[in-house]
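Listed below are the residues making up each chain.
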Amino acid sequence: MQIAVISGKGGTGKSSISAAFATLSDKVVLADCDVDAANLYILFNPTHEEEQVYISGQKAEIDYTLCTNCGLCASYCRFDAISLVNEKITISDILCDGCKLCSRICPTEAISMIDSNDSRMFAGTFRNGKMVYGRLAPGEDNSGKLVNIVRDKAKEIAKAENIDTIIIDGPPGIGCPMISTITGVDSVVIVTEPTLSGKHDLERTIEITSKFNLKTWVIINKFDLNEDMTLEIENYCRGIDIAIAGKLGFDPQVVQAMVNCKSIPEWIPNSTISKQIREIFENIKN
Amino acid sequence: MINPPNIKIAIASGKGGTGKTLVSTNLFYTLQQNKYPTTLVDCDAEEPNDLVFFEGKLVKTYEETQKVPVIDKSRCTFCGRCHDYCNYNAIFILPPFKIIKVIEDLCHGCGACSVACNDMAISEKDESLGTISCFDIAEKSIIIEAKMKVGVFSPVSVIKQAIKEAGNTGIILLDSPPGTSCPFIHTVSTADFVILVTEPTPFGLSDLKQSVDTLKTLNKKYGVIINRAGMGDNEIYDYLKQEHIPLLMEIPFDKTIARNYSKGEIVVKDKPEFQEQFLTMFNSILEQNANSSHQR
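Residues numbered from 1 in each chain as written. Chains lettered and ligands numbered in written order. Predicted model: local features only at pLDDT ≥ 70, side-chain atom pairs only at ≥ 80, totals over all residues. Heavy atoms only, no water.

Visitor: I'm lost on the overall build of chain A in this one. Help?
Guide: Within chain A one finds 11 helices and 13 strands. Oriented by its inertia axes, the alpha-carbon framework of chain A measures out at about 70 × 45 × 35 Å. Considering chain A as a whole, with its 286 residues, one finds that 57% of them fall into the buried category. Look at the contacts in chain A between residues 6 or more apart in sequence, and 76% of them connect residues 24 or more apart. Carbon together with sulfur atoms contributes 47% to the accessible area of chain A, which is approximately 11900 Å² in total. (Helix = DSSP H or I, 4+ residues; strand = E, 2+ residues; numbered from the N terminus. Buried < 20%, exposed > 50% of the residue type's maximum accessible area, 1.4 Å probe, protein only. Contact = heavy atoms within 4.5 Å. Areas by Shrake-Rupley, 256 points an atom, 1.4 Å probe, with all protein chains shown as cover.)

Put into structure tokens, the structure is as follows:
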């Protein structure tokens, strides 16, 4: 089964909980789909067994030996990416969206498209199974596609190695990469925190997940930071029929686990929080 | 009212949840309380939250749109040129069956298909990507919120428009989206200075390094705020020293701060000594910025 852990708001403890899930059961395939800021490899230090180049898009480039400075390309570009800089037609790497229109209409064929090929997918072995993760190069877009590549690889490995459980650590936000993360999974776990921003983001996240008709769970992390807000979130979830998988208290040992490159159950196996996470995980799996 | 300097400061972090919004809203509050008229742009268009902390009066709101092609099937000859021109695979075509469809979710609105079509079969319509809203918060201080429509492929267009709306004069704070991908780059590329907010943990450090590498390639001035100082480990301090990155401020890990923030309260409210820290930091940023302008 595939379990995706997401959170609208960043920093709610999503990765710590994914890491905990990944070390609770028998062997798992762990897919780190937070491709913009992949972090789980820090905890698990996987071996490097496979690497795949991911082409995230294209950028236009001018060959100045052919360019006549006519400016036709600038008049067609809808991304304000082409302008005259010191009387010379210039394409901004940042603003270029890679649509290729300029290259197609250039009368002297002076513009070519260069693949953005700095992004990668990695796969390897960690102490409780297999791990796949993506790393999007800075400034790249289209991370939804890289998420799909990571997930496909995870499924392929799970099948080959006969592993039942795939844990997916998702990206923050509600955009395309998050949607790619949850499409077709068996359970979605949303990790939130009892803050106004947390609640606000949870609502926006559920607005999306509810469209996918997936079994959805909410974990309220650091619930004791603001028990009134926790109650509000619980009531909200009850009202829309979404199960609270559990509440976890604030525990400074969670950070200590991370500092020591361990998951929470690995670092403090007999603590209350580890016991609670184990219960939550059993709940979700059954 | 002090004559405000012209400066655009982006508040960013690789990792989510490190305190970008905490810093943005409290810096905004401090400046505004100390007679600096300030514009805060909430560029975290997927999950905008700055307005949770302020009561404001909506003065202006409008939709940001993009063009999406509409194909007139009575004119279409199913030649396939539009499909070939589209670099985003947003046009699906099966000529033998006379089927042609625009997949609007994939369209970036570049207009290439219209250029490709020789049969005048393509016109365009506006499709909403989200909203830009401006709120008056206090005298001459405003918040501009970029809010992406749920399900849109990228927040970049809404972010760009919100930053444009803020103009180029006075003090402008940009609360950036997390990460180092396209939305982040579009936000920080317009800034004079970037404040990176991080926390002293291995995840925080790893994401900080990625942000710093990105800002270096963009040739930006930047400094770091360590939030929740005192928890985690000290590696981040060694990194800052080694890379000669200015540590702008430390915000201690403190349950009261966390609790007040969770209620949607401004943490520096009624805390002049805390406001003083934000002001000192702001002035040091102005100085660093002035120095770098001289060098140019």
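Visitor: Please explain the sheet that holds strand E7 (residues 141–148) of chain B as it appears in this structure.
Guide: Hydrogen bonds between backbone atoms are what pair the strands of a sheet, whose relative direction is either parallel or antiparallel. Residue and element names in this part refer to chain B. Taken in spatial order, the nine strands of this open sheet run E3-E6-E7-E2-E8-E1-E9-E10-E11, and their pairing is mixed. Edge positions in the sheet fall to strand E3 (57–71) and strand E11 (247–252), since each of these pairs with one other strand and no more. Across the sheet, the mean angle from the axis of one strand to that of its neighbour is 20°, orientation sign disregarded. Where strand E2 (residues 38–42) and strand E8 (residues 171–175) come together, five bridges link them in parallel fashion. The residue of E8 that forms the bridge with Thr-38 is Ile-171. Of the strands in this sheet, strand E1 (7–12), E2, strand E6 (122–138), E7, E8, strand E9 (193–198), strand E10 (221–229) and E11 touch helix H1 (residues 20–33), which is tilted by about 160° from E8. (Pairing = 2+ DSSP bridges. Axes fitted to C-alpha atoms, helices over the stretch in contact; angles between N-to-C directions.)

Visitor: What exactly am I supposed to notice about the side chain of B:Thr198 here?
Guide: All names here are of chain B. Within the fold, Thr-198 resides in strand E9. With relative accessibility at 2%, the residue Thr-198 sits in the buried group. Among the polar contacts listed, one links the side chain of Thr-198 to the backbone oxygen of Gly-204, at a separation of 3.3 Å. When near neighbours in sequence (up to four residues on either side) are disregarded, Thr-198 contacts Thr-18, Gly-204, Leu-205, Leu-208, Val-224, Ile-225, Ile-226, Asn-227 and Ile-236. (Polar contact = N/O pair within 3.5 Å; in protein donor to acceptor, adjacent residues only side chain to side chain.)

Visitor: What is the right way to read the sheet that holds strand E13 (residues 243–248) of chain A from this model?
Guide: Residues and elements named next belong to chain A. Pairing in this open sheet of nine strands is mixed, and the strands run E3-E8-E9-E2-E10-E1-E11-E12-E13 from one edge to the other. In this open sheet, the two edge strands, each paired with only one partner strand, are strand E3 (50–54) and E13. On average, each strand axis in the sheet is tilted by 20° relative to the strand beside it, whichever way the strands run. Sheet analysis places strand E12 (residues 215–221) next to E13, joined by five bridges and oriented parallel. The partner of Ile-220 across the bridge, within E13, is Lys-247. Most of the contacts of helix H5 (residues 143–161) go to strand E9 (residues 129–135), to which it runs at about 165°, and overall it touches strand E1 (2–7), strand E2 (28–32), E3, strand E8 (119–126), E9 and strand E10 (165–172). Its contacts with the sheet place helix H7 (residues 196–209) against E1, strand E11 (187–192) and E12, and it is angled at close to 165° to E11.

Visitor: Would you mind showing me how to read the pattern of salt bridges here?
Guide: Side-chain pairs of opposite charge can arise where the charged atoms are in close proximity. Residues and elements named next belong to chain A. By the definition in use, this model includes 21 salt bridges over all chains. Its salt-bridge partner being Glu-156, residue Lys-153 comes within 3.2 Å of it at the nearest N-O pair. Residue Lys-153 and its partner Glu-156 are located together in helix H5, separated by three residues, close to a single helical turn. Judged by its relative accessible area of 48%, Glu-156 is partly exposed. (Salt bridge = Lys/Arg side-chain N within 4 Å of Asp/Glu carboxyl O.)

Visitor: Is there a simple way to explain a nonpolar patch on the surface in this structure?
Guide: All names here are of chain B. The grouping of Phe-92, Leu-94, Phe-97, Ile-99, Ile-103 and Leu-106 at the surface amounts to a nonpolar patch, some 520 Å² of accessible area in total. You can see Leu-106 is positioned in the loop between strand E5 (99–102) and helix H3 (112–116). Under the relative-accessibility criterion, Leu-106 is labelled partly exposed at 38%. (Patch = residues over 30% accessible without salt bridge, like charges linked within 9 Å, V, L, I, M, F, W, Y side chains within 5 Å.)

Visitor: What is the right way to look at the side chain of B:Glu145 in this model?
Guide: All names here are of chain B. Relative to the helices and strands, Glu-145 resides in strand E7. Here Glu-145 is buried and forms no salt bridge, its nearest opposite-charge partner Lys-147 lying at an N-O distance of 4.9 Å. Discounting residues that sit within four places of it in the chain, Glu-145 has contacts with Asp-42, Pro-48, Leu-51, Thr-131, Ile-132 and Ser-133. (Lys, Arg positive; Asp, Glu negative; His and termini not counted.)

Visitor: Explanation requested: the interface of chain B and chain A in the structure shown.
Guide: Interfaces are often sized by the accessible area lost when the parts come together. If you look at the interface, chain B gives 60 residues, while chain A gives 58 residues. Around 4800 Å² of area is buried between chain B and chain A when both sides are counted, 57% of it from carbon and sulfur atoms. It is B:Glu47, B:Val150 and B:Phe203 in chain B that bury the most area against chain A; as a group they hold 16% of the surface buried on that side. At the junction of chain B with chain A, the criterion picks out two salt bridges. Close ionic contact of B:Glu124 with A:Arg78 constitutes a salt bridge, the shortest N to O distance being 2.9 Å. Our count for the chain B to chain A interface comes out at 30 residue pairs in polar contact (both at pLDDT 80 or more). Sorting the residues of the side of chain B that touches chain A by element identifies helix H2 (81–85), H3, E7, helix H4 (156–166), helix H5 (182–188), helix H6 (202–217) and helix H8 (255–262) of chain B as the ones contributing at least two each. Sort the elements by how many residues they give to the side of chain B that touches chain A and H6(B) lands first, with six residues. Here the residues of the side of chain B that touches chain A are counted per class, giving 24 nonpolar, 22 polar and 14 charged. (Buried area = accessible area lost by both parts, 1.4 Å probe. Nonpolar A, V, L, I, M, F, W, Y, C, P; charged D, E, K, R; others polar.)

Visitor: Is there a simple way to think about H5(A) in this case?
Guide: All names here are of chain A. Relative to the 27 Å expected for 19 residues at 1.5 Å per residue, H5 spans 27 Å between its end C-alpha atoms, a close match to the ideal helical length. When H5 is considered as a whole, its buried residues turn out to be Ser-143, Gly-144, Leu-146, Val-147, Val-150, Arg-151, Lys-153, Ala-154, Ile-157 and Ala-158. Backbone geometry just after H5 places Asn-162 at a positive phi near 60°. (Expected span 1.5 Å × (residues − 1).)

Visitor: Which parts of the structure should I look at to understand the domain arrangement of chain B?
Guide: When cut into domains, chain B gives domain 1 (7–64 + 130–295) and domain 2 (73–120). Taking only C-alpha atoms, the centre of domain 1 of chain B and the centre of domain 2 of chain B are 41 Å apart. (Domains from an automatic or database assignment.)

Visitor: Would you mind showing me how to read the domain arrangement of chain A here?
Guide: Looking at chain A, the domain boundaries give domain 1 (2–55 + 119–285) and domain 2 (57–116). The gap between the C-alpha centroids of domain 1 of chain A and domain 2 of chain A is 40 Å.

Visitor: What is the right way to read unusual backbone geometry from this model?
Guide: Negative phi characterises most residues that are not glycine, and trans characterises most peptide bonds. A positive phi angle is found at A:Asn45, which is not glycine, with a value near 40°. Relative to the helices and strands, A:Asn45 is located in the loop between helix H2 (40–44) and E3. For B:Lys35, which is not a glycine, the phi torsion comes out positive at approximately 70°. Mapped onto the elements, B:Lys35 comes out in the loop between H1 and E2.

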